[in-house]
Amino acid sequence: MIRPRRLRSTPQMRRLVAETRLHAADLVLPLFVKEGLTEPKPLGSMPGIVQHTEESLAGAVAQAAAAGLGGVMLFGIPAHRDATGSQADAPDGILNRAIRIARDAARDAAAGTGRPAPVVMADLCLDEFTDHGHCGVLTPTGDVDNDATLVRYASMALTQAEAGAEVVAPSGMMDGQVAVIREALDDAGHTGVSILAYSAKYASAFYGPFREAVDSTLQGDRRTYQMDSANFREGLREADLDLAEGADMVMVKPAGSYLDVLAAVAERSDVPVVAYQVSGEYAMIEAAAANGWIDRRGAVLESVLGIRRAGADIVLTYWALEIADWIR
Ligand code: PBG
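Residues numbered from 1 in each chain as written. Predicted model: local features only at pLDDT ≥ 70, side-chain atom pairs only at ≥ 80, totals over all residues. Heavy atoms only, no water.

A.B. asks: Just to check I follow, could you spell out the UniProt feature "active site" (unreviewed entry) in the protein for this structure?
C.D. replies: Taking the UniProt record as the reference, the feature "active site" (unreviewed entry) is found at Lys201 and Lys253. A compact arrangement is adopted by the annotated residues: their sequence extent is 53 residues, whereas the largest C-alpha distance between any two is 4.8 Å. Lining residues of the largest cavity drawn from the annotated list: Lys201 and Lys253. Tracing the backbone through its elements, the reader meets Lys201 in strand E7 (residues 194-201). Exposure remark for Lys201: the relative accessible area of 6% places this residue in the buried category. (UniProt positions renumbered as here; feature names shortened; annotations may be inferred. 1 Å grid on protein atoms, 1.4 Å probe; cavity = no way out; pocket = protein on both sides within 12 Å on 5 of 7 lines; lining within 4 Å. Helix = DSSP H or I, 4+ residues; strand = E, 2+ residues; numbered from the N terminus. Buried < 20%, exposed > 50% of the residue type's maximum accessible area, 1.4 Å probe, protein only.)

A.B. asks: Sorry if this is basic, but what is going on with the environment of Ile181 here?
C.D. replies: Positionally, Ile181 belongs in helix H5 (residues 177-187). For Ile181, a relative accessible area of 0% gives the class buried. Here the alpha-carbon distance between Ile181 and Arg5, two residues 176 residues apart in the chain, equals 51 Å. Once you skip the residues sitting within four places of it in the chain, Ile181 turns out to touch Leu124, Tyr153, Ala157, Val168, Pro170 and Ile195. (Contact = heavy atoms within 4.5 Å.)

A.B. asks: Honestly, the packing of helix H8 (residues 259-268) against helix H10 (residues 296-310) in this entry has me stumped. Any pointers?
C.D. replies: At a closest axis distance of 8 Å, the pairing of H8 and H10 adopts a crossing angle of 40°. Contacts between H8 and H10 involve Leu259, Leu262 and Ala263 from the former and Gly306, Ile307 and Ala310 from the latter. Broken down by class, the residue content of the contact of H8 with H10 amounts to 5 nonpolar, 1 polar and no charged. (Axes fitted to C-alpha atoms, helices over the stretch in contact; angles between N-to-C directions. Nonpolar A, V, L, I, M, F, W, Y, C, P; charged D, E, K, R; others polar.)

A.B. asks: Which parts of the structure should I look at to understand the pattern of salt bridges?
C.D. replies: Close approach of charged atoms allows side chains with opposite charge to pair. In total, this model carries 15 salt bridges according to the counting rule given. One salt bridge in this structure joins Arg223 and Asp221, with 4.0 Å as the shortest N-O distance. The exposure class of Arg223 is exposed, given its relative accessible area of 53%. By relative accessible area, which is 44% here, Asp221 ends up partly exposed. Among the charged side chains, a network of salt bridges with common partners joins Glu35, Glu54 and Arg97. (Salt bridge = Lys/Arg side-chain N within 4 Å of Asp/Glu carboxyl O.)

A.B. asks: Just checking my understanding: could you explain the site of the ligand for this structure?
C.D. replies: Neighbouring the ligand are 17 residues; Arg222, Gln226, Lys253, Ser279 and Tyr318 lie closest to it. A distance of 2.8 Å separates a nitrogen atom of the ligand from a polar side-chain atom of Asp127. Within the side chain of Tyr318, a nitrogen or oxygen atom sits 2.6 Å from an oxygen atom of the ligand. Considering the ligand on its own, with 410 Å² of exposed area, one finds that the protein chains cover 100% of that surface. More than half of the atoms belonging to the ligand lie within 2 Å of the grid points that define the largest cavity. Of the residues assigned to the shell around the ligand, the class counts are 7 nonpolar, 3 polar and 7 charged. (Near = heavy atom within 4 Å. Polar contact = N/O pair within 3.5 Å; in protein donor to acceptor, adjacent residues only side chain to side chain. Areas by Shrake-Rupley, 256 points an atom, 1.4 Å probe, with all protein chains shown as cover. Sits in = over half its atoms within 2 Å of the grid points.)

A.B. asks: Whenever I open this one, the nonpolar core confuses me. Can you help?
C.D. replies: Across soluble globular proteins, nonpolar side chains have a tendency to be buried as a group. Within the largest apolar cluster, 106 residues are counted, with the highest numbers of intra-cluster contacts made by Phe32, Leu69, Met73, Leu74, Tyr153 and Leu196. At 8 residues, the largest contribution of residues to this core is made by helix H3 (residues 94-113). In contact with Leu196, not counting residues within four places along its chain, are Met73, Met121, Val167, Val168, Ala169, Pro170, Met249, Val250, Met251 and Val274. (Core = buried A, V, L, I, M, F, W, Y, C linked by side-chain atoms within 4.5 Å.)

A.B. asks: Where do I start with H8 in this structure?
C.D. replies: Since the α-helix packs 3.6 residues into each turn, any two residues three or four apart lie on the same face. Along H8, the residues classified as buried are Val261, Leu262, Ala264 and Val265. Those residues of H8 hidden inside the fold are in contact with E7, helix H7 (233-244), strand E8 (249-253), strand E9 (273-276) and H10.

A.B. asks: What should I look at first to understand the side chain of Asp89 in this one?
C.D. replies: Of note, Asp89 is situated in the loop between strand E4 (71-77) and H3. Leave out the neighbours within four places in its chain, and Asp89 touches Asn96, Arg152, Ser155, Met156 and Thr159.

A.B. asks: What exactly am I supposed to notice about empty space enclosed by the protein here?
C.D. replies: The probe, sized like a water molecule, is rolled over the atoms to show the empty space still left. Overall, the coordinates contain 1 cavity of 30 Å³ or more when judged by the stated rule. When its volume is computed, the largest cavity comes out at roughly 150 Å³. What lines the largest cavity is a set of 19 residues, among which Asp127, Lys201, Tyr207, Phe210 and Lys253 lie closest to the centre. Within the residue set of the lining of the largest cavity, elements represented by two or more residues are E7 and helix H6 (208-213). Partitioned by chemical class, the residues of the lining of the largest cavity number 9 nonpolar, 3 polar and 7 charged. (Points joined across faces, edges and corners; volume = space filled by probe spheres on them.)

A.B. asks: Please explain the pairing of E9 as it appears in this structure.
C.D. replies: For a regular strand, side-chain orientation follows a simple rule: the groups alternate between the two sheet faces. Here E9 shows no split at all, with Val273 and Ala275 on one side and Val274 and Tyr276 on the other all buried. Sheet topology places E8 next to E9; 3 bridges connect them, and they run parallel. In the sheet register, Val252 faces E9, and the bridge partner there is Ala275. As a crossover connection, the stretch from E8 through H8 into E9 is right-handed. The pairing of E9 with strand E10 (residues 314-316) spans 3 bridges and is parallel. From the neighbouring strand, Ala275 faces E10, where its bridge partner is Val315. (Pairing = 2+ DSSP bridges. Right-handed = clockwise from strand over helix to strand, strands pointing away.)

Have a look at this one:
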């Protein structure tokens, strides 16, 4: 008889034959920084996650370095919002300040420990900075204006690069965004700054808790620019376009409900594939665990391993620090 159970017989054997592993270097921790906060503010819908002050951000990046994480992804929440998101490309805007703080903290932590510093990545989108909460600027009739938004993104990319971002991550799903950002960076001499493209980003109910995390003012939805969750082929088309436009890495987001898209993008991509385990995916497991309905650690590890197994090389997850601790 053929007996596959032989390879499951002991923990040692299972460890030996495991096809997928988690490693801290493959994990990226999203971090929120809010202008004007005097102490870190816990998020009700994301237990264990906070909006950071500029001071506590430095500490969080040091923790990420000590844990050996591959990177941090920064989101900024400005004190002032307006129609064009002017704080997004203000050199002293909160996100650009956060990039400088994170680079310094990463460098200091690496110097102290000899460990590689986490790569500093920045969200490149207008939704945290606009008073209407959309990812772009609006036309007079209230539509999101694709090409006018690209001009804003190019400016944001330059500001982020000047602040020290090693990776910029356009998440607004505007057509042509990767090409415009690449050209702007190259023309300004920032040829070494990478683009992590949110390529197949779906309009998702699983972003719910993120709205609290960034104090979102959005009314309505993002369905004219983010993708319809019914569509698989379109996700591949978006990834192909971003690859053609010069994306250094491509992302599928959310992760857990889009593992088919993730696997197919991984199959055809010749650059690293990233998946974002989003706020709602985090909140669901946390809520079930808090009720005693699910084994928290088991569910967290299984959810992230499943994302890796489906084809993600890199995973953005709010559990990055804790997972790194568990698997050390
Ligand atoms: C937009 C952005 C969003 C998330 C990351 N970048 C929100 C949205 O598209 O509505 C969601 C991340 C999460 O839910 O964890 N800049």
